Amino acid sequence: MNRDHPARETDAPGLARAREHFLRVDSIDPQGVRQAILASWWRSRESNVAADRLEPQYVRDPNLDTPLTRSAEPVLRRLREQLDGQPLSIVLTDPAGVVLSRLTADAVLERHLDKVNLAPGFSYAEGVVGTNGIGTALEAGRAMHVFGHEHYAENLESLACAGVPIRHPMSGKTVGVLDLTCWRRDAGPLLMTLAKTTAEQIRQALLTETGMREIELLHAYRRACRHNTGMVFALNNDVVMMNETARTTLKPGDQSALLRHAAEALSERRESASVELPSGVQVRLHTRAVQGDGGVAGGVVDVKVVEAATGGVPATPAATRMLLPGLIGASPLWRRACADVEGVYRSGAWLVVEGEPGTGKTALLQALHQRLNPAGHYTLLEPAADGDSAWLKHARQTLAEKDGTIVLRHLERLSTSALRVLTSALEEAAGRQAAWVAVAVAPEPPGPELESMLRLFPHTVRVPPLRHHIEDVEQLVPFFLHRLGVGGQLTCSPEAMQLMLRFSWPGNVAQVLETLRWVRRQRRSGVLQPHDLPPEIQSLSRHRLSPLESMERDAIVLGLLDASGNKAQAARALGMSRATIYRKIHEYGIAGGGG
């Protein structure tokens, strides 16, 4: 079978057997099913979608007065008139897969679509009804055709559909899906061609409707920039514009917080607001709504620094602020991890700190101890590679006698019997309540004995990998150069910094330090250039995230943390579709999260 094309009617028996085999034994010959369909079947199974019945969710009173629906209405109406009498249905959905409108040119097909609830108000998201042209196009982020037995739910096997995501012409965000559905026996290659053509017509109509609003906002933004040398930005639901002063003065975390506060102020019609940003900078916002022909086109915001984090000196990109002794970083993900650990420490509850090797788990715990309990004991317990009995005796004695802070790490080195002994010692220490105990672990699933021990620790805080707060490299590099004794003598060129900001740092913060140790052996003074860096960093080609991309990445990671890794819940909280959050997770290399 050509796996780049949908199954033809002659392939239906074999495809039906392949689907039945997949549902029965969770495996399949990959040569028998298109790759995109097989991936969708796996996602459907992971979402616990029923294969023998349809259970689409119903959304009461979906918003039918949006730029998408207004732009699409004349396009869909004309297509419906052209197809009069043909067994074809035209479906428009929102970005979550909820059907907004359906125009069907054939009465028999329309009655069948009513039976399967492919009707206004019902969700055809992949996580709800399984593989289908609408939901799978959203999940894949591209045009998708689903024919016959390729559908996950057997109720849809008599249909064929072609879904095309509709992207906003200004922002590029997915705002909905155009889907064409017909009987499987009537499907042909022109179905997808017609769907793509119609989706493009809707996109062009969206450009006509929204273009004037964005132009009005752009003009207002430019006028503000001409009259203000400080920080200026403009925004509406689809577009954010930010001048160079704002981009270079504010870290991405501060930018994200500022946009959120500005949107709230504009929605509440407040002309000014005072805000403390995540870095500690105090700013004052002055907002002005911009009117367009169709109503409010957005808002323009002027920002003035009232009090900087460094005690009255205006914040600059090079400003370094220590969150805790010996720790720096201004990104919201790093700051949140620090704040969460501090919150648990102050509560007295024992803590698991989880993160990839080199993320700074132990350093964070030690810095927090130095800040909150500088006179107390700090003890790090780390078994040797074989977890010998002498270490175990020392650990038991420490837990029985020491107060202050006790941190355990690399417990995966211990044998099953040693873990049992350590668990018993921890249980006794918990009863003594003299020490605060934390354990640093990697994100891999623990074995049964370690999992049993971790039940003594009621809280878990996840420390993000450096690639999720890459902007902190700009602070880490000069900080580590100073720590290595070449601060002020060796500085980093913008070109070398750009390469380091583009690198994914699989070894995290520890790898940054090791890289600079390597650099110091080659050069101890002057300006660090790209050719001074290790080859694996020089050869990198991945683009650096823009400030807006960094803000979006941070929002997704925080949303996943708040939702305990549940992608669907995080997508709802962030106002995006599951397809978008899956695509962004892949683009930004965000790990974790299920469902």
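Residues numbered from 1 in each chain as written. Predicted model: local features only at pLDDT ≥ 70, side-chain atom pairs only at ≥ 80, totals over all residues. Heavy atoms only, no water.

Q: In this structure, what is going on with the sheet that holds strand 4 (residues 159-167)? I would like to understand it.
A: Strand pairing within a sheet occurs via backbone hydrogen bonds; the two strands may be parallel or antiparallel. Sheet architecture is open: 5 strands sit in the order 2-1-5-4-3, paired in antiparallel fashion. Edge positions in the sheet fall to strand 2 (99-104) and strand 3 (144-147), since each has one partner strand and no second. Across the sheet, the axes of successive neighbouring strands diverge by a mean angle of 15 degrees, strand direction being ignored. Two strands pair when backbone bridges link them, and strand 4 and strand 5 (residues 174-183) are joined in this way by 9 bridges, in the antiparallel orientation. Across the sheet, cysteine 161 pairs through a bridge with threonine 181, a residue of strand 5. Each of strand 1 (88-93), strand 2, strand 4 and strand 5 touches helix 3 (residues 67-82); the most contacted strand, strand 1, lies at about 175 degrees to it. (Pairing = 2+ DSSP bridges. Helix = DSSP H or I, 4+ residues; strand = E, 2+ residues; numbered from the N terminus. Axes fitted to C-alpha atoms, helices over the stretch in contact; angles between N-to-C directions. Contact = heavy atoms within 4.5 Å.)

Q: Would you mind showing me how to read the nonpolar core here?
A: Considering soluble globular proteins, one finds that nonpolar side chains tend to be buried as a cluster. Among the nonpolar cores identified, the biggest contains 44 residues, and Leu351, Leu411, Leu422, Leu426, Met453 and Phe457 are the most heavily contacted of them. Counting residues per element, the ones that place at least two in this core are helix 10 (332-347), strand 13 (351-354), helix 11 (361-372), helix 12 (389-401), strand 15 (404-409), helix 13 (416-432), strand 16 (435-441) and helix 14 (448-454). Here phenylalanine 457 is in contact with Trp350, Leu351, Val352, Leu426, Val437, Ala438 and Val439, once residues within four sequence places are set aside. (Core = buried A, V, L, I, M, F, W, Y, C linked by side-chain atoms within 4.5 Å. Buried < 20%, exposed > 50% of the residue type's maximum accessible area, 1.4 Å probe, protein only.)

Q: Quick question: what am I supposed to make of unusual backbone geometry here?
A: Leaving glycine out, the prevailing phi sign among residues is negative, and the prevailing peptide bond configuration is trans. Backbone geometry at asparagine 48 places phi at a positive 60 degrees, although glycine is not the residue there. Look at asparagine 48 and you get exposed, because its relative accessible area is 69%. You will see that tryptophan 505, though not glycine, has its phi angle at about 50 degrees, which is positive. Structurally, tryptophan 505 can be placed in the loop between helix 16 (494-502) and helix 17 (508-522). For tryptophan 505, a relative accessible area of 0% translates into the label buried.

Q: I'm lost on the packing of aromatic side chains in this one. Help?
A: The relation between two aromatic rings is expressed through the spacing of the ring centres and the mutual angle of the planes. Inspection of every chain in the model, using the stated rule, returns 7 aromatic pairs. Pairing phenylalanine 22 with tryptophan 41 gives two aromatic rings, centres 5.5 Å apart and planes at 40 degrees, and the pair type is tilted. Residue phenylalanine 22 is found in helix 1 (residues 12-25), and its partner tryptophan 41 is found in helix 2 (residues 35-46); the two are separated by 19 residues along the sequence. Here phenylalanine 22 matches tryptophan 41 in class, with each residue buried. (Phe/Tyr/Trp six-rings, centres within 6.5 Å; stacked < 30°, edge-to-face > 60°.)

Q: Mind showing me how you'd approach a positive patch on the surface here?
A: Among the surface-exposed residues, Arg222, Arg223, Arg226 and Arg288 lie close enough to one another that they form a single positively charged patch. The element that contributes the greatest number of residues to the positive patch is helix 7 (residues 190-227), accounting for 3 residues. Its place among the elements puts arginine 288 in strand 9 (residues 282-292). (Patch = residues over 30% accessible without salt bridge, like charges linked within 9 Å, V, L, I, M, F, W, Y side chains within 5 Å. Areas by Shrake-Rupley, 256 points an atom, 1.4 Å probe, with all protein chains shown as cover. Salt bridge = Lys/Arg side-chain N within 4 Å of Asp/Glu carboxyl O. Lys, Arg positive; Asp, Glu negative; His and termini not counted. Charge placed at Lys NZ, Arg CZ, Asp CG, Glu CD.)

Q: When you look at helix 13 in this model, what are you seeing that I'm missing?
A: Three- or four-residue spacings in an α-helix give side chains the same orientation, since the helix completes a turn every 3.6 residues. Along its 17 residues, helix 13 runs 25 Å from first to last C-alpha, staying within 8% of the 24 Å computed at 1.5 Å per residue. Residues of helix 13 that are buried: Ala418, Leu419, Leu422, Thr423, Ala425, Leu426 and Ala429. (Expected span 1.5 Å × (residues − 1).)

Q: Just to check I follow, could you spell out the pairing of strand 13 for this structure?
A: The two faces of the sheet receive side chains in turn, since in a regular strand these alternate between them. Side-chain alternation along strand 13 places Leu351 and Val353 on one buried face and Val352 and Glu354 on a second face that is also buried. As paired strands, strand 13 and strand 16 are joined by 4 bridges and run parallel to one another. Bridge assignment links glutamate 354 to a residue of strand 16, and that residue is valine 441. Alignment of strand 13 against strand 17 (residues 459-462), held across 4 bridges, turns out to be parallel. Each bridged residue has a counterpart across the sheet, and for valine 353 the counterpart in strand 17 is valine 461.

Q: So what exactly am I meant to see when it comes to the environment of alanine 205 here?
A: By the secondary structure assignment, alanine 205 is in helix 7. Alanine 205 gets classed as partly exposed once you look at its relative accessible area, which sits at 21%. Between the C-alpha atom of alanine 205 and that of proline 74, which follows or precedes it by 131 residues, the distance is 9.2 Å.

Q: Teacher, can you tell me more about the pattern of salt bridges here?
A: Any two side chains of opposite charge can pair, so long as their charged atoms come close to each other. The final tally for this structure, using the stated rule, is 21 salt bridges. Arginine 203 is the partner of glutamate 200 in a salt bridge, and the nearest nitrogen-oxygen pair spans 3.2 Å. Placement of both glutamate 200 and arginine 203 in helix 7 is noted, with a separation of 3 residues, approximately one turn of the helix. On the accessibility criterion, glutamate 200 (35% relative accessible area) is partly exposed. The class for arginine 203 is partly exposed, based on a relative accessible area of 26%. Between glutamate 382 and arginine 413 there is a salt bridge whose closest N-O contact spans 3.5 Å. Residue glutamate 382 is located in the loop between strand 14 (378-381) and helix 12, and its partner arginine 413 is located in the loop between strand 15 and helix 13; the two are separated by 31 residues in the primary sequence.

Q: Even after reading the chapter, I still don't get helix 17, so can you show me in this structure?
A: The terminal C-alpha atoms of helix 17, which comprises 15 residues, lie 22 Å apart, in line with the 21 Å expected from a rise of 1.5 Å per residue. By the burial criterion, the buried members of helix 17 are Asn508, Val509, Gln511, Val512, Leu513, Thr515, Leu516 and Val519.

Q: I tried to follow the packing of helix 15 (residues 473-483) against helix 16 on my own but got confused; where do I start?
A: A packed helix pair is summarised by two numbers, namely the angle formed by the two axes and the spacing between the axes. Relative to each other, helix 15 and helix 16 sit at 120 degrees, their axes nearing to 10 Å. When the axes of helix 15 and helix 16 are compared, the pair comes out oblique. Crossing hand, helix 15 versus helix 16: right-handed. Residues Val473, Glu474 and Val477 of helix 15 touch helix 16, and the partners they reach there are Met497, Met500 and Leu501. The class makeup of the residues in the contact of helix 15 with helix 16 is 5 nonpolar, no polar and 1 charged. (Parallel < 35°, antiparallel > 145°, perpendicular 65-115°, else oblique. Left-handed = near helix turned anticlockwise from the far one by under 90°. Nonpolar A, V, L, I, M, F, W, Y, C, P; charged D, E, K, R; others polar.)

Q: Explain the pairing of strand 16 here, please?
A: The buried fraction of strand 16 is high, at 7 of 7 residues. Of the two faces of strand 16, the one carrying Ala435, Val437, Val439 and Val441 and the one carrying Trp436, Ala438 and Ala440 are both buried. Where strand 15 and strand 16 come together, 6 bridges link them in parallel fashion. The residue of strand 16 that forms the bridge with threonine 405 is tryptophan 436. The handedness of the strand 15 to strand 16 crossover, carried by helix 13, is right-handed. (Right-handed = clockwise from strand over helix to strand, strands pointing away.)

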